[in-house]
Amino acid sequence: MGKGDEVIIPAYTYAATANVVVHTGAKPVMVDINVSDFNINTEAVRKAITAKTKVIMPVDIGGFPCDYKALMEMVQSEEVKAKFRANTEEQKMLGRILVFADAAHSFGARLSGKVSGSFADVSGFSFHAVKNLTTAEGGALAFNLPEPFDHEEIYKQLNIKSLHGQTKDALAKSQVGNWKYDIVEAGYKCNMTDIQAAIGLTELHRYDTESLPRRKAIFDLYDRGFENDERFIRPVHTTEEKTSSYHLYSLRIAGATEDQRDEIIQHIFEAGVSVNVHFVPLPLFTFYKSMGYDIGDYPNAYSQFSKVISLPVYFDLTDAQVAQVIDAVKSATAKVLSR
Ligand SMILES: *Cc1c(COP(=O)(O)O)cnc(C)c1O
């Protein structure tokens, strides 16, 4: 991708989703999200497709999978394929828009029996310290491209790109008769270190048996704490088709304005509980405003943002602490909304 190309992304996401598009020279085309969950709206995506669209980047906000079935059907439909203009060899080979999942939140999530990483053509996971599975910093890419793409070859190319364009890593070079190497491009230095990988392997080993079940248990406690209380809208995390990775418990305060939500957060912090907001829609930030994006074009993103508070979810959070969070949220809400 490059100048003249367009990538469709949700307005409601972390900055990384848009920034990687900007780095390529392509234009991020932001669209609005759903009101039922926090994910990209499929119909808004359909309307945003032009002859310049090369990629759609859905984001599994909070770990809840996007509507990949509809998105994959859309890019594979004759109507949408007819609009597609390929410029590069890879684009010609694919012959349609690529769906690249920003799966930074959804490691371990499921959709119709499949796991995150296999929903889209390519999926990007983040292993940053705040994510479900961490290597302190780092991530992974999962490829699921159709024939005739060669995944093994892509893996080799990415290893070269992420290590100074060098054809062998230090371990390979240390083997008998193997010290010679080549530099085939001006590569980057963004390979995962062995230390990070060691952390990741340990985290991976306990993910299904410890980390994910504990997150689910915390979600269940929050669900019970906020049910039957009209002031609160609990996040969707499980449907017949979809199961979240329980990354963010995004509670919404029904009817709250942005100012009231901010005030509620202040009271929660004062009660000794650290909460957060995921996410400030990108059009509210200086950089994207300067690129011409206007929050007025994304009413759902703004409305979700103005009501949302992310509650703490992490392995070591105890049941007693969860109860303390629920109390803090309820009394802060009562203070602000009863006035
Ligand atoms: C964390 C995050 C990323 C980026 O992850 P890094 O590992 O920091 O590069 C991308 N998208 C979303 C939605 C995120 O929350």
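Residues numbered from 1 in each chain as written. Predicted model: local features only at pLDDT ≥ 70, side-chain atom pairs only at ≥ 80, totals over all residues. Heavy atoms only, no water.

(A) How the structure looks around the overall build of the chain. Each helix and strand counted, the chain has 13 helices and twelve strands in total. Computed over C-alpha atoms, the radius of gyration of the chain comes to 22 Å, within 12% of the 20 Å expected from 2.2 N^0.38 for 339 residues, which places it in the range of a compact globule. On the principal axes, the C-alpha backbone points of the chain span a range of 70 × 50 × 40 Å. Expressed as a percentage of the 339 residues in the chain, the buried residues total 46%. At a minimum sequence separation of 6, the contacts of the chain that also span at least 24 residues come to 64%. On the chain, roughly 17,000 Å² of surface is accessible, and the fraction owed to carbon and sulfur atoms is 55%. Both charge centroids of the chain, one from 36 positive and one from 43 negative side chains, sit 3 Å from each other. (Helix = DSSP H or I, 4+ residues; strand = E, 2+ residues; numbered from the N terminus. Rg over C-alpha atoms; globule rule 2.2 N^0.38 Å. Buried < 20%, exposed > 50% of the residue type's maximum accessible area, 1.4 Å probe, protein only. Contact = heavy atoms within 4.5 Å. Areas by Shrake-Rupley, 256 points an atom, 1.4 Å probe, with all protein chains shown as cover. Lys, Arg positive; Asp, Glu negative; His and termini not counted. Charge placed at Lys NZ, Arg CZ, Asp CG, Glu CD.)

(B) Structural context of the sheet that holds strand S5 (residues 110-111). One open sheet accounts for three strands, arranged S6-S5-S10; its pairing is antiparallel. The open sheet terminates on both sides in strands that have one partner only, identified here as strand S6 (114-115) and strand S10 (242-243). (Pairing = 2+ DSSP bridges.)

(C) The site of the ligand, seen in detail. Neighbouring residues of the ligand: 13 residues in total, closest Asp102, Ala104, His105, Ser126 and Lys131. A distance of 3.3 Å separates an oxygen atom of the ligand from a polar atom in the side chain of Lys131. Bound to the protein, the ligand loses 75% of the 380 Å² it would expose on its own. (Near = heavy atom within 4 Å. Polar contact = N/O pair within 3.5 Å; in protein donor to acceptor, adjacent residues only side chain to side chain.)

(D) Geometry of the sheet that holds strand S1 (residues 6-10). What the six strands build is an open sheet, ordered S2-S1-S3-S4-S7-S8; its pairing is mixed. With partners counted over all chains shown, the strands left at the sheet margins are strand S2 (27-31) and strand S8 (139-143), one partner each. With strand direction ignored, the average angle separating the axes of adjacent strands in the sheet is 25°. The pairing of S1 with S2 spans five bridges and is classified as parallel. Across the sheet, Val7 pairs through a bridge with Pro28, a residue of S2. Across the sheet, helix H3 (residues 68-76) touches strand S3 (53-56) and strand S4 (98-102), and the angle it forms with S4 is around 155°. (Axes fitted to C-alpha atoms, helices over the stretch in contact; angles between N-to-C directions.)

(E) Structural view of the packing of aromatic side chains. According to the stated counting rule, one finds 14 aromatic pairs in the structure shown. Residues Phe107 and Tyr207 carry aromatic rings whose centres are separated by 5.2 Å and whose planes lie at 80° to one another, so their mutual orientation is edge-to-face. Pair noted here: Phe107 is in the loop between S4 and S5 and Tyr207 is in helix H9 (residues 207-226), with a separation of 100 residues, a long-range link. Taking 4.9 Å as the distance between ring centres and 45° as the angle between the ring planes, the aromatic pair formed by Tyr222 and Tyr249 counts as tilted. With a gap of 27 residues between them, Tyr222 in helix H9 and Tyr249 in strand S11 (residues 249-253) connect regions that are remote in the sequence. For Tyr222, a relative accessible area of 0% corresponds to the buried category. Taking the relative accessible area as the measure of exposure, Tyr249 reaches 0% and is therefore buried. One aromatic cluster is present, built from ring pairs that chain together Phe219, Tyr222, Phe226, Phe232, Tyr246 and Tyr249. Seen from the ring of Tyr181, Lys173 lies directly overhead, with NZ or CZ sitting 4.0 Å from the centre. (Phe/Tyr/Trp six-rings, centres within 6.5 Å; stacked < 30°, edge-to-face > 60°. Lys NZ or Arg CZ within 6 Å of the ring centre and 35° of its normal.)

(F) Here's a closer look at the environment of Asp182. For Asp182, the position within the fold is in the loop between helix H7 (170-173) and helix H8 (194-205). The exposure class of Asp182 is partly exposed, given its relative accessible area of 45%. In this structure the C-alpha to C-alpha distance between Asp182 and Lys168, which are 14 residues apart in sequence, comes to 7.8 Å. Not counting residues within four places of it along the chain, the set of residues in contact with Asp182 comprises Gly165, Gln166 and Thr167.

(G) Seen up close, the domain arrangement of the chain. Split by domain assignment, the chain resolves into domain 1 (6-147) and domain 2 (213-337). One C-alpha centre belongs to domain 1, the other to domain 2; they are set 24 Å apart. Where domain 1 abuts domain 2, roughly 2,800 Å² becomes buried across the two surfaces, and 59% of that area is made up of carbon and sulfur atoms. For the domain 1 face of the interface with domain 2, the top three residues by lost area are Tyr12, Met30 and Phe64, together amounting to 22%. (Domains from an automatic or database assignment. Buried area = accessible area lost by both parts, 1.4 Å probe.)

(H) Examining the nonpolar core more closely. Counting residues in each nonpolar core, the largest one holds 64 residues, and the members touching the most others are Tyr12, Tyr222, Ile268 and Leu311. When residues in this core are grouped by element, the largest group, seven residues, is from helix H13 (residues 319-337). Of the domains in this structure, domain 1 (6-147) and domain 2 (213-337) are the two that each give at least three residues to this core. With residues up to four places along the chain from it excluded, the contact list for Ile268 reads Val273, Val275, Ile309, Ala328, Val329 and Ala332. Counting residues in hydrophobic clusters, the runner-up holds 22 residues, among them Val45, Cys66, Met72 and Phe84. (Core = buried A, V, L, I, M, F, W, Y, C linked by side-chain atoms within 4.5 Å.)

(I) Broad picture of H13. Under the 1.5 Å per step criterion, the end-to-end length of H13 is 27 Å for 19 residues, consistent within 8% with the ideal 27 Å. Residues Val322, Val325, Ile326, Ala328, Val329, Ala332, Thr333 and Val336 constitute the buried set of H13. Taken end-on, H13 shows its buried residues confined to a sector of 160°, consistent with a single buried face. Summarising the geometry of H13, the exposed residues directed more than 90 degrees from the buried face are Ala320 and Asp327. Contacts made by the buried residues of H13 are with H9, strand S9 (232-233), S11, helix H10 (258-270) and strand S12 (308-311). (Expected span 1.5 Å × (residues − 1). Arc of directions from axis to C-beta.)

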